[in-house]
Every structure is written in structure tokens, then in C-alpha cells.
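Take a look at the letters that make up each chain.
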Amino acid sequence: MQEKNISINNLEQCQKCSICTHVCPVMAINPVYRGPKQSGPDGERYRIKNNIFFDDTLKYCMNCKRCEVVCPSGVRIADIIQSAKSNYGHIRPKLRDRILASTDFMGSLAHPFAPVVNWGLSLTPVKKILDATVGVAAQRSLPKYSATTFETWFRRYMAAEQQQYSRHIAYYHGCYANYNYPQLGKDFVHVMNALGYGVDLIEGERCCGVAKITNGMMDSATKDAKHNLELFRKEIGLGKEIITVSTSCTLTLRDEYSHILGLDNSDVREHISLAEKFIWEAIGEGRVKLAWRKDFKAKAAYHCPCHQEKLGWGFFSMELLKMIPGMELVELESACCGIAGTYGFKKENYIYSQAIGRALFENIAAVDPDFVACECETCKWQIEMSTGYPVKNPVSILAEALDLEETARLNREVNNTPAQA
């Protein structure tokens, strides 16, 4: 039996103002869900006395954390709900939930057979079978796998080159860049190298655990988190910062390890940063210089993911993208895309997922951009499937817009580093 997590969340700070209920995307379209205030701090006051008061409708919470963003008292509403599902929930994770949440395991199985797996998962009969048997929505376009992982590419082509740099960062690439879209990892390495930083892999890193947490696999998530924290401590001890490219990974590593899993990550938290924040600060401090391509032209719509809003770091991505001379940038109105990681893949949630995202989809169509800029991979899947517009991570946009060779030359001058032979 799983040991219950000790609640470290601040429910007593709730003022019952109900602002959170006005921004909850689920409450607006699903009348069964009681909303963040009643499901979170209100319900927790009863649950800690007797778990008979646990309400199974908590499963509809997306963990988007929009309620926490607006809370004037800083109550960790979504964290209270996630912890309650683990501590008092009566329903064990289904096979479907375990498959969706075990991203490292599924990626390691699928990538050697990527062409066949991708083809099979795209077939309508296969989708209908998955819908009927395990409960993955038949309407959902499933993520594709890459035949070659990012880690394999890096070790084969880039690892040796990193030794020439005097400054190094540790790259937490996550499951998506490794198994689904290695191009994002490649773009990150090329950009960081051009900025004068060597990139080191965090050997043996595991999934951040966000999907396991939201699917109730707390024992497995805690085991992976403890493993990652030990790896991070080694890298930080060598003077390196931990840099990520995914907002959900970043939020989980920084906050949910302590708030939900109850692990002490206070010694590593401030050393974990999203790439856009790290780069923007390096520019401001004069540690790096940029040279832009003169022929780059694009119109982009920036969608700030919910977890990015919780971090409060959307500013950094916006400011970086505004620096690009040929970029016409439109900031979209704050809205949830509706997928919330594995939430929107589930049969019972699909209609809610699409209804939640409808306002965002319409806003994107009204802007009619060349592409949408967004730091979240699951937002990318949802937006591309639902609108047809391509979605690019700001790191990939930088890789396209920068004159990488000239940027590298400028930064060799800044750091007095010899040119690569």
C-alpha cells in the first residue's frame, strides 16, 4: 500500500474569494466538476478529518494551475487537489493511464520501430481499437516517435565538440526531445554552442514525472524524482546550471517535487532554468552576443502555456522573440489549449479538452500566423491537431533566426575562445 503524502499545502490561506472558480477552464464546460475552491482547500478541510469526503470528480482537474496564478493569497490549489487524488483516491490508475504516463518506457519500446509504430497509430481502425479497449480517444492524433533518439545523435555527432568550450551547462532534455522530436534538442545544442556554451547531457536522467503525478503513480514518480535530484546535485557541484526546454518539466522539477512529492529540492531549485530565461539573462548581463540572419521573415502568434504562466516566465520568451528583426509577433490572449498532458488523450475527457481549447483555436485562426510559438510539447500536439497551424518552440525559432556562425564568432571574442579547427 502506498504511504500517504503529508500535505504541505497552504489551504488555510484561502480567503474564499472564489476568483479561482472564474478562471477554471474545466468548470466552465463541465457541470459535474465542483471547481478549484470546493475541490481544493474547501474539500481538503473535510478530507483530512475523514477520507469518506473524497470526491471522485477531482479527476476532472487538469492541473493547469490557472487557479494558482490568480489566487491573491498564493494558495497551492491545484497541488492540494493532486495530493488529494493520491492520498484519498479510491481508483487505481488504469492500464491506459500507466501507458500514457510511462513516457521513458514507451519511448524506449517504440523508437526502434518508429516507422511501423507511427504508421500503425495513424490508422483509423487502430485508433478505434485503442478507444474501445484502453480508452484513448479515437479522435486524437497520437504523437510520432523518432527512429533515432536525441541522446544517440548527440553522442555520435556532438559530444566530442563540447570539450572546446570553457563554459558548460547541463541539459535536461526530457522524454519529448529524446524520443519524439530530437530536432528540438539539436536546435538547443546549436544555439547554446553558438552562444559559447558547451552542452553536457545529464547521463541517466529520467522523466520529470509530471504525467505520473497527474495519473496517480506517486511511488514511481517519487523514485524517478529522487534519482534526478541526485544527478542534478552532481552537475551543480561541477558548477553547471540545469537548463530545460519544456515548461511542464521545469515546473515539475522546481515545484512539484517539493509541493506534491514532499522531496527537499531547495538546494537545486534555483539552479534549474528554462532555456529562454537563461539566454535572456545572459544577454542582459553581457555574457553573450547575438547576430541575426538578414533574410529571416515570419509572422508568429505566441501562446503562453499554462505552466509557463505559473512559472511567470512568459516574459523571457516574448522578449527574445521580439529581438528578431524579421519577426512580426502577436501575443495571444491567455487561454488554456485543453490538452493538459495526458488529460486530453483520454476518451472521457476528449470533448472537454476540445471545448476548453476552442477559444484559443479561434484566436490563432484570427491572427493567421505562419506558425505558433510555444514552449510546451503537449500544447504543440493539441494546437497542430486542432488548427492545422505548425507550432515551434522558441529555441527552434532562435536556431532558424540566428546567424549561428556569426553569433559563434562574436561569442568567441567575448570569451577569448579559439575558433574550432
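For the structure itself, look to the data block above.
Sequence order sets the numbering: in each chain, residues are counted from 1 along the sequence as written. Thresholds applied to this predicted model are a pLDDT of at least 70 for local features of residues and 80 or more for the giving and counting of side-chain atom pairs; totals over whole chains, interfaces and linings are not thresholded and use all residues. Water and hydrogen atoms play no part in the side-chain values, which are based on all heavy atoms of the structure.

## Observations concerning the pairing of strand β5 (residues 298-302)
Here's step 1: Of all 5 residues in β5, 4 are buried; the element is thus mostly enclosed.
Here's step 2: Note: β5 against strand β6 (residues 327-331), 5 bridges, orientation parallel. If you follow K299 over to β6, its bridge partner there is E328. The buried label goes to any residue with under 20% of its type's maximum accessible area, the exposed label to any with over 50%, and the partly exposed label to all in between, with areas taken from a 1.4 Å probe on protein chains only. Secondary structure elements follow DSSP: runs of H or I no shorter than four residues count as helices, runs of E no shorter than two count as strands, and numbering proceeds from the N terminus. When DSSP locates at least two bridges between a pair of strands, those strands are taken to pair.

## What about unusual backbone geometry?
Here's step 1: The phi dihedral of K16 is positive, around 60 degrees, even though this residue is not glycine.
Here's step 2: Along the polypeptide, K16 turns up in the segment before α1 (19-23).

## Some words on the sheet that holds β5
Here's step 1: Taking strand neighbours across the sheet as the criterion, the 4 strands line up as β6-β5-β7-β8 in an open arrangement whose pairing is parallel. Sheet topology places β6 and β8 (391-392) at the edges, where each strand pairs with a single neighbour.
Here's step 2: Alignment of β5 against strand β7 (residues 371-373), held across 3 bridges, turns out to be parallel. Counted as the bridge partner of A300 is F371 from β7.

## Digging into a nonpolar patch on the surface
Here's step 1: The patch calculation keeps residues exceeding 30% relative accessible area without a salt bridge and links them within 9 Å when they carry like charges or within 5 Å when they are nonpolar (Val, Leu, Ile, Met, Phe, Trp, Tyr). Accessibility throughout is a Shrake-Rupley quantity obtained with a 1.4 Å probe, and a residue counts as covered only by protein chains that appear here. Here a salt bridge means any side-chain nitrogen of Lys or Arg lying within 4 Å of a carboxyl oxygen belonging to Asp or Glu. Among the surface-exposed residues, Y46, I52 and F53 lie close enough to one another that they form a single nonpolar patch of about 360 Å² accessible area.
Here's step 2: By the element assignment, F53 lies in the loop between α2 (36-47) and α3 (66-70).

## Thoughts on the state of the cysteines
Here's step 1: When two cysteine sulfur atoms are found within 2.5 Å, that pair is recorded as a disulfide. According to the stated counting rule, one finds 0 disulfides in the structure shown.
Here's step 2: Just so you know, C24 is unpaired, no disulfide at all, and the nearest cysteine sulfur is the one on C64, 6.4 Å from it.

## What to know about the pattern of salt bridges
One side chain can pair with another of opposite charge once the charged atoms of both are near each other.
Here's step 1: Enumeration over the complete set of coordinates arrives at 33 salt bridges.
Here's step 2: D79 serves as the salt-bridge partner of K65, at 2.6 Å between the closest nitrogen and oxygen. With a gap of 14 residues between them, K65 in the loop between α2 and α3 and D79 in helix α4 (residues 77-88) connect regions that are remote in the sequence.
Here's step 3: Of the residues examined, K65 reaches a relative accessible area of 2% and is grouped as buried.
Here's step 4: With a relative accessible area of 2%, D79 lands in the buried category.
Here's step 5: In this structure, R269 engages D255 in a salt bridge whose closest nitrogen and oxygen atoms are separated by 2.8 Å. Linking R269 in the loop between α14 (247-259) and β4 (272-274) with D255 in helix α14, this pair joins segments that are 14 residues apart in sequence.

## Some remarks on the sheet that holds strand β1 (residues 167-172)
Here's step 1: Judged by pairing direction, the sheet is parallel, and its 4 strands sit side by side in the order β2-β1-β3-β4 without closing on themselves. The sheet is open, and its two borders are formed by β2 (197-201) and β4, each paired with just one other strand. Adjacent strand axes in the sheet meet at a mean angle of 40 degrees, parallel and antiparallel pairs treated alike.
Here's step 2: Bridge count for β1 against β2 is 5 bridges, and the pairing is parallel. Note on geometry: axes are C-alpha line fits, over the in-contact stretch for helices, and angles between N-to-C directions span 0 to 180 degrees.

Geometry only, nothing functional implied.
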